[in-house]
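Examining the three-dimensional arrangement
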Amino acid sequence: MSDALTTLEIGEDYPELRESVRRICAGYPGPYWQKLEETDGYPTAFVDELTAAGFLGALIPEEYGGSGLPLRAAAVILEEINASGCVASQGHAQMYIMGTLLRHGSEEQKRRYLPEIAAGRLRLQAFGVTEPTSGSDTTKLKTRAVRDGDHYVVTGQKVWTSRALHSDMMLLLARTTPADQVAKRTEGLSVFLVDLREHRGQGLEIRPIKAMINHNTTEVFFDNLRVPAENLIGEEGRGFRYILDGMNAERILVATEALGDGRWFIRKATQYANDRVVFGRPIGANQGVQFPIARAWAELEAADMVCRRAAALFDAGRDCGADANIAKLLASEAAWHAGEAAMQTFGGFSYAKEYEIERKWRETRLYQIAPISTNLVLAYVGQHVLGMPRSY
Ligand SMILES: Cc1cc2nc3c(=O)[nH]c(=O)nc-3n(C[C@H](O)[C@H](O)[C@H](O)COP(=O)(O)OP(=O)(O)OC[C@H]3O[C@@H](n4cnc5c(N)ncnc54)[C@H](O)[C@@H]3O)c2cc1C
């Protein structure tokens, strides 16, 4: 067993890192997030401060200007952001999107983009995979990129491309060889870096989607958009594999982020259960109030162990597909149960925006749907881990 696995820590690992994240988050309390929601605003000041402190470049190796930290440290950063009541998802994508560039980009691409991202001069926050008609069936995506001299011409549409209006570059997955001309549907897809600044209004249109939470998510339309061929990452046709590589990191990070929400809910619910007196005693003295909070906490602890194991496997360079998926499944459900416990504990006051329970409750629901829905995780476990027949 590798060192990363034998040194699996219990309790608060990276205490100093956690403390620095908490210090920044303390400057962005509830009213900051409430105001942004009212205006569909983006937390530019918050994301800029995280970037300046080096947190969003945590995974970029030191030779490219980043902190070169392991995935577990990045996960801890996101966990603390959410546990502080802030919203990690507004900046998290940069951490895992750049992984595709780091692992599969050319040395020239890495030298050109990674130091800029690490320094906060370039935002790579948008990831264009999902399309309206193909959904979870990624290999059926319809966006085409056709080679034309030293460019690719891109036509198609993405949906739920979060932060596209607050990102300089986008990582795009498009089909370069039609599905009926490849042996397997996973072949013939390619990954590109698209410069969103250069192209808006010239073959590229971005429209915000009004959503249940303030996630700054969008639809992106490509109409004969010319992308320089030098922006292709790795080899043409192998993009699906490159994206899959990054998805395990994404699932581990998002799972740990969900744990952060869960911890926030438990802290708020416990405090309120101790303070709120009804029928002459704190409501937390009633087991009907206390037990759902205690159960959710137990579920979070169990999910935390799997998140740590998945990150340890990833950091040790070992296969972590099953653990990454299971971590996402368990953490998203544990966070939701913690949210439900908090909603019930706060009673009517959970509906008052100033308590923020309803905001976090809406936000934490997403983890069961994106970046991969619960059913698709279960399908992975059923088929790849347990060897049962495929449903698709
Ligand atoms: C707020 C938000 C932000 C997002 N950000 C991004 C982003 O930045 N970039 C990006 O590319 N995508 C993003 N997404 C998209 C997200 O990853 C997808 O919504 C998600 O993967 C599910 O795809 P879908 O919505 O098309 O659902 P569908 O694939 O249409 O599935 C609908 C339901 O059917 C179930 N289902 C489908 N097939 C099966 C099956 N074979 N067996 C069992 N159940 C099945 C699914 O589990 C799901 O519950 C975002 C989504 C949201 C809501």
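Just so it is clear, the structure is predicted and the values come from calculations on it, not from any experiment. (Residues numbered from 1 in each chain as written. Predicted model: local features only at pLDDT ≥ 70, side-chain atom pairs only at ≥ 80, totals over all residues.)

1. A short note on the overall build of the protein chain
Along the protein chain, the regular secondary structure elements total 13 helices and ten strands. Whereas a compact globule of 392 residues would reach a radius of gyration of roughly 21 Å, the protein chain reaches 21 Å, a difference of no more than 12%. Overall, the C-alpha framework of the protein chain stretches about 80 × 45 × 40 Å when taken along its three principal axes. Buried residues in the protein chain amount to 44% of all 392 residues. Contacts in the protein chain between residues at least 24 apart in sequence constitute 73% of all its contacts with a sequence separation of at least 6. (Helix = DSSP H or I, 4+ residues; strand = E, 2+ residues; numbered from the N terminus. Rg over C-alpha atoms; globule rule 2.2 N^0.38 Å. Buried ≥ 20, exposed ≤ 12 C-beta atoms within 10 Å, placed from the backbone. Contact = placed C-beta atoms within 7 Å.)

2. Re the nonpolar core
Where a protein is soluble and globular, its nonpolar side chains tend to be buried together. With 111 residues, the main nonpolar core has Ala 74, Phe 192, Ile 252, Cys 307, Ala 310, Ala 327 and Ala 331 as its most contacted residues. Counting residues per element, this core draws most heavily on helix α9 (residues 239-275), at 17 residues. (Core = buried A, V, L, I, M, F, W, Y, C linked by C-beta atoms within 7 Å.)

3. Observations regarding the domain arrangement of the protein chain
Interface extent is often summarised as the accessible area lost during association of the parts. Segmentation of the protein chain into domains returns domain 1 (3-119), domain 2 (124-237) and domain 3 (241-385). Taking only C-alpha atoms, the centre of domain 1 and the centre of domain 3 are 19 Å apart. At the interface, 29 residues of domain 1 touch 27 residues of domain 3. For the side of domain 1 that touches domain 3, the elements supplying multiple residues, two or more each, are α1 (3-6), α3 (30-39), α5 (71-83) and α6 (93-104). Top contributing element to the side of domain 1 that touches domain 3 by residue count: α5, with ten residues. (Domains from an automatic or database assignment.)

4. Topic: the site of the ligand
Near the ligand, the surroundings consist of 23 residues, among which Gly 135, Ser 136, Trp 160, Ser 373 and Asn 375 are the closest. Shared between two domains, the shell around the ligand holds at least three residues of each, these being domain 2 (124-237) and domain 3 (241-385). (Near = placed C-beta within 6 Å.)

5. Some points on α9
With 37 residues, α9 should reach 54 Å at 1.5 Å per residue; the first-to-last C-alpha distance of 54 Å fits that figure. Counting buried positions along α9 yields 29 of 37 residues, so the element is predominantly enclosed. (Expected span 1.5 Å × (residues − 1).)

6. With respect to the pairing of strand β2 (residues 144-148)
Pairing analysis gives five bridges linking β2 to strand β3 (residues 151-162), with the strands arranged antiparallel. Looking across to β3, one finds that Arg 147 is bridged to Tyr 152. Hairpin remark: β2 followed by β3, antiparallel, with two residues in the connecting loop; positive phi at Gly 149, about 65°. (Pairing = 2+ DSSP bridges.)

7. Digging into the pairing of strand β5 (residues 189-195)
Of all seven residues making up β5, six are buried, and the element is well covered by its neighbours. Bridge count for strand β4 (residues 169-175) against β5 is seven bridges, and the pairing is antiparallel. The residue of β5 that forms the bridge with Leu 172 is Phe 192.

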